[in-house]
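# Overview (structure and organization)
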Amino acid sequence: MCYSAQIEASFRQYERMFGAQLDLPAFFDLYAARAASTKVKVPKAVDAAFTRATDSGMSGIREAIRRFEITQAAALEQELFKQRTRLADAERTLQTKMTKAASESQRIASDKITATLRRLDDLRRDELKDRDSRIFPGVYAPVVVMEHGRRVIKPMRYQCRPAGKPANYDARFPSTYNARRDNLEKFWKGQFGVTHGLMIVNAFYENVSRARLEHRELGPDEKDENVVLEFRPDAGVPMLVACLWSHWTGAGQPDLLSFAAITDEPPPEVSAAGHDRCIIPIKAANVDAWLNPSHDDLQRQFMILDDRERPYYAHRLAA
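Parameters and conventions
- Residues numbered from 1 in each chain as written.
- Predicted model: local features only at pLDDT ≥ 70, side-chain atom pairs only at ≥ 80, totals over all residues.
- Heavy atoms only, no water.
- UniProt positions renumbered as here; feature names shortened; annotations may be inferred.
- Salt bridge = Lys/Arg side-chain N within 4 Å of Asp/Glu carboxyl O.
- Helix = DSSP H or I, 4+ residues; strand = E, 2+ residues; numbered from the N terminus.
- Buried < 20%, exposed > 50% of the residue type's maximum accessible area, 1.4 Å probe, protein only.
- Axes fitted to C-alpha atoms, helices over the stretch in contact; angles between N-to-C directions.
- Parallel < 35°, antiparallel > 145°, perpendicular 65-115°, else oblique.
- Left-handed = near helix turned anticlockwise from the far one by under 90°.
- Contact = heavy atoms within 4.5 Å.
- Nonpolar A, V, L, I, M, F, W, Y, C, P; charged D, E, K, R; others polar.

The name given to the protein in an unreviewed UniProt entry is Abasic site processing protein, with Pandoraea commovens as the source organism. As recorded by UniProt, the Sequence similarities (unreviewed entry) comment attached to the protein reads in full: "Belongs to the SOS response-associated peptidase family."

Here it is in structure tokens:
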């Protein structure tokens, strides 16, 4: 499963690579929704692409981002004050009597202070880091689709909720951020051959068994350990990752645009590193054919997935 990916967050790159047009109303709706709900998550690098843009038509989005950052900073400052007060109370108690409750409160408060300070630093810094472009299930990313005969960039949540399904589908099927190639005509039949998209990805991340990574058996009393690996094409060329997407609507609930990345059997180097799936980067020559699918010719879509780019994926332990 591709549980995380480092995406190309700048819509300018999507415009250059695809000749695509930004769906400004959809992005404005996204940022308005984030202002109303902490459940809406957008990578910092996507925010930065808008705040650094000078287009007058994006002023509303820039203002929404500014208001969100002010609100977030205030909430984090309040949390910081709360935890520092908790820490001080615990330390006063420990000066007179060692108790398990006070020790635990001291530990929890210290951890939360560290985490809150880190979040404040991430919120306030201007220099972008690689992690600012990473998406995880539930996070929004730019996706290119075809709409009325033109390529369009839309913001979509990385975890697909197919149209017509109940809202609790996300909890019932938490792995729907990936769509297995061998299940496209079954579970994904409503999207495959109907709504295709593309996402620009620079690297992807997987959870693997340390024992499998090291090609060894566990000792009699040894417990396996999970490690996170970063896989990156050695040529450094961005991948055009094949996706399926859906426009979900529900009575009394906001519309949802969401997507899943298609995965297949891994190339040898990914398998040797201990993982059993891999995303599918399609060739630039197949972009239009992929974005304009026909449900009556699914074989053509499978041919595009088979005629994929095949880079060598170098891996390393993720930071």
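## A word on the pattern of salt bridges
Applying the stated rule across the entire model yields 29 salt bridges. Note that K154 is salt-bridged to D23, the shortest N-O span being 2.4 Å. Taken together, the residues span a long stretch of sequence, with K154 in strand 5 (residues 150–158) and D23 in the loop between strand 2 (21–22) and helix 2 (24–36) at a distance of 131 residues. Like D23, K154 is buried. A salt bridge links R181 to D264, with the nearest nitrogen and oxygen atoms 3.7 Å apart. Residue R181 is located in the loop between strand 6 (178–180) and strand 7 (196–209), and its partner D264 is located in strand 10 (residues 253–264); the two are separated by 83 residues in the primary sequence. The pair R181 / D264 is uniform in exposure class, with both members buried. What emerges from the salt-bridge pattern is a single network uniting R210, E214, R216, E222 and E225.

## Some remarks on the packing of helix 3 (residues 44–51) against helix 4 (residues 59–96)
Interaxial distance between helix 3 and helix 4 falls to 9 Å at its minimum, and their mutual angle equals 130 degrees. Considering the angle they form, helix 3 stands oblique to helix 4. Crossing of helix 3 against helix 4: the hand is left-handed. From helix 3, D47, F50 and T51 reach across to helix 4, where they touch I61, R62 and I65. Partitioning the contact of helix 3 with helix 4 into residue classes produces 3 nonpolar, 1 polar and 2 charged.

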